[in-house]
Amino acid sequence: MEALVPVQTAGQRLPVRLASPSLYRCIGSVSIRRSVSGFAMDTRISSKAPSQFPIRAQQSLGVASPSSSLENDLRIKQWEVDMYQNELAISQGIRIRRKPPSMAPLGYTGPFELRLHNASDSPSNILEEITWYKDQEVSRMKEINPLEALKKAVENAPPTRDFVGALRMAHQRTGFPALIAEVKKASPSRGILKENFDPVEIAQAYERGGAACLSVLTDQKYFKGGFENLEAIRSAGVKCPLLCKEFVVDPWQIYYARTKGADAVLLIAAVLTDLEITYFLKLSKKLGLAALVEVHDEREMGRVLGIEGIELVGINNRSLETFKVDISNTKKLLEGEHGRQIREKDMIVVGESGLFTPDDIAYVQSAGVKAVLVGESIVKQNDPEKGIAGLFGKNISHT
């Protein structure tokens, strides 16, 4: 998300880009009027600084040293905004850093100047590595496909299909969790899953086998996917609604997914702050897209259940730190108060990772799952239709 905040510096009033509406914070209550990716937003922010250092909003947006150059003043303000984003994420238990740590620009004095001495400049896990790469990738793609051009393309795009409705209907029709079958060539943990990879052929086989919806990997570097696969599957006449399986860190990606034929997008709670998830949900709804919000642990589940407007919650059984898969994670996150809230709100819970057998499906279904997202165990099969029947222990196709 981007917004412009005026900064008084060197006698001029200049805009500083904010990467997210969640970034500008100060002690007390501040009312801000700004434009965020085409939306005019009134944001009233009231929070306490999570760190031992006071957040100096007036100082950070105040008059810079007369000896500083205009460019360096702007770099300082943008750098401090990025640091505020990190502080907010830490306060919400988010361990994934959005960008590699960087030292303070020349001339900076403030609450963060002593914070980076022990910060590692290497990604702590694969999700953080992907997140850092996405920040750079999106910046490059924006130059090729400006946001305003995407907005015009969305106006002429065909209507989306009902992703949530398709899951509910499949669950009622089969009595099993609805299947979101994943079109995936590779993964960082498993390498190449299918050498002779034809995304359209795989998608058509999934649809014949009874999949309610499809998930299409669009990341090229780590998963050997691409938005061209999403576009090709949609153009081939596949009727299943399509989830764009992308690592969303910017609203531009949601617009781009919509222009390429997506019916739903993935939002990862381990990466995004609560306010970012809220905004992305509203943007997705505006564009006619469903949003699958993915969690990994109890803290993330607690955060997500406090956000209004969520219909789909995905529980990923793969540890971000170790890559170890444990499907009992699904049961653990659906016990007690969390499970009660999910039932009360009539959310659809999607089980993700580690599902290979009918017993696995039965286990997560008994825990409260109404849909499953499965890739590896069926995409590796020579006949994906038979792979789906083997996963469920019976034929779930419409025929």
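In this convention, every chain numbers its residues from 1, walking through the sequence in written order. In keeping with the predicted nature of the model, local features appear solely for residues at pLDDT of at least 70, side-chain atom pairs appear and are counted solely at 80 or more, and the whole-chain, interface and lining totals rest on all residues. Hydrogen atoms and water are omitted, and side-chain values are computed over all heavy atoms in the structure.

*Asks:* Any chance you could break down the sheet that holds strand E13 (residues 348–352) for me, citing the residues and the numbers?
*Replies:* Any two strands between which DSSP finds at least two bridges are classified as paired. A run of H or I in DSSP counts as a helix once it spans at least four residues, and a run of E counts as a strand once it spans at least two, with each numbered from the N terminus. The strand order around the closed barrel built from eight strands is E5-E8-E9-E10-E11-E12-E13-E14, with neighbouring strands paired in parallel fashion. Between one strand axis and the next, the sheet turns by 25° as a mean value, whatever way the strands run. The sheet contact formed by strand E11 (residues 290–295) and strand E12 (residues 312–316) spans four bridges and is parallel. By the bridge assignment for E12, valine 295 is matched with isoleucine 315. For every element, the axis is a line fit to its C-alpha atoms; helices are fit only across the contacting stretch, and the angle between N-to-C directions ranges from 0 to 180 degrees.

*Asks:* Go over the packing of aromatic side chains, please, and point to the residues and values.
*Replies:* The criterion for an aromatic pair is that two Phe, Tyr or Trp rings (for Trp, the six-membered ring) have centres within 6.5 Å, with stacked assigned to planes under 30 degrees apart, edge-to-face to planes over 60 apart and tilted to the rest. Under the counting rule described, the total for this entry stands at seven aromatic pairs. Geometrically, the ring pair formed by tryptophan 79 and tyrosine 108 is edge-to-face, given 4.9 Å between the ring centres and 65° between the ring planes. Linking tryptophan 79 in helix H2 (residues 70–91) with tyrosine 108 in the loop between H2 and helix H3 (126–144), this pair joins segments that are 29 residues apart in sequence. Tryptophan 79 gets classed as buried once you look at its relative accessible area, which sits at 7%. Accessibility here uses a 1.4 Å probe with only protein chains present; expressed as a share of the type maximum, an area under 20% marks a residue as buried, one over 50% as exposed, and anything in between as partly exposed. Assessed through its relative accessible area of 8%, tyrosine 108 is described here as buried. A centroid spacing of 4.7 Å and a plane angle of 15° characterise the contact between tryptophan 252 and tyrosine 256, whose relative ring orientation is stacked.

*Asks:* Could you give me a rundown of the confidence of the model for the chain, with the residues and numbers involved?
*Replies:* Per-residue confidence for the chain gives a mean pLDDT of 84; residues scoring 70 or more make up 81%. Known as pLDDT, the predictor's per-residue confidence is scaled from 0 to 100. Whether two residues are in contact is decided by their heavy atoms: any pair within 4.5 Å suffices. Below pLDDT 50 for its whole length, residues 1–62 participates in 163 contacts with residues either more than four positions away or in separate chains.

*Asks:* So, the pattern of salt bridges: which residues are in play, and what are the values?
*Replies:* Any Lys or Arg side-chain nitrogen found within 4 Å of a carboxyl oxygen on Asp or Glu counts as a salt bridge. Using the criterion set out here, one finds 22 salt bridges in the structure. Salt-bridge contacts for arginine 97 lead to glutamate 128; the nearest nitrogen and oxygen are separated by 2.8 Å. Linking arginine 97 in the loop between H2 and H3 with glutamate 128 in helix H3, this pair joins segments that are 31 residues apart in sequence. Take glutamate 128: its relative accessible area is 0%, and that puts it in the buried class.

*Asks:* Residues and numbers for the packing of helix H6 (residues 199–209) against helix H7 (residues 227–235), please.
*Replies:* Running from amino to carboxyl end, H6 crosses H7 at an angle of 50°, the nearest separation of the two axes being 9 Å. Compared by their axis directions, H6 and H7 come out oblique. Like other packed secondary-structure pairs, H6 and H7 cross with a definite hand, here right-handed. Listed contacts from H7 to Pro199, Val200 and Ala203 of H6 are Asn229, Ala232 and Ile233. Within the contact of H6 with H7, the residues separate by chemical class into five nonpolar, one polar and no charged. Any angle from 65 to 115 degrees is called roughly perpendicular, while one under 35 is roughly parallel, one over 145 is roughly antiparallel, and all others are oblique. Here is the rule for handedness: rotate from the far helix to the near one, and if that takes an anticlockwise turn smaller than a right angle the crossing is left-handed, while a clockwise turn gives right-handed. Lys, Arg, Asp and Glu make up the charged group, whereas Ala, Val, Leu, Ile, Met, Phe, Trp, Tyr, Cys and Pro make up the nonpolar group; the residues left over, Gly among them, are polar.

*Asks:* Quick rundown of the nonpolar core? Include the residues and the values.
*Replies:* What makes a nonpolar core is a set of buried Ala, Val, Leu, Ile, Met, Phe, Trp, Tyr and Cys residues whose side-chain atoms join them at distances within 4.5 Å. Core analysis: the largest hydrophobic core is formed by 103 residues, its most contacted members being Leu167, Tyr206 and Leu214. With six residues, the single largest contributor to this core is H3. The contacts of leucine 214, once residues within four sequence positions are left out, are Phe163, Ile180, Ala181, Ala203, Tyr206, Ile233, Val238, Cys240, Pro241, Leu242 and Leu243. Listed in part, the six residues of the second largest apolar core include Ile76, Trp79, Met83 and Tyr108.

*Asks:* Any details on the pairing of strand E9 (residues 242–245)? Residues and values, ideally.
*Replies:* The two faces of E9 match: Leu242 and Cys244 on one face and Leu243 and Lys245 on the other face are all buried. With four bridges joining them, strand E8 (residues 213–217) and E9 adopt parallel strand pairing. Bridging across to E9, leucine 217 finds its partner in lysine 245. The definition of a right-handed crossover adopted here requires that, viewed with the strands pointing away, the path from the first strand over the helix to the second runs clockwise. Since E8 and E9 lie parallel, the crossover through H7 that links them has a hand, and here it is right-handed. Pairing analysis gives two bridges linking E9 to strand E10 (residues 264–268), with the strands arranged parallel. Directly across from leucine 243, in E10, lies its bridge partner alanine 264. Following the chain from E9 across helix H8 (residues 251–259) to the adjacent parallel E10, one finds a crossover that is right-handed.

*Asks:* For the state of the cysteines, give the residues involved together with the corresponding values.
*Replies:* Our working definition of a disulfide is a cysteine sulfur pair at a distance within 2.5 Å. Under the counting rule described, the total for this entry stands at zero disulfides. Of the cysteine sulfurs around cysteine 213, a residue in no disulfide, the closest is that of cysteine 240, at 6.6 Å.

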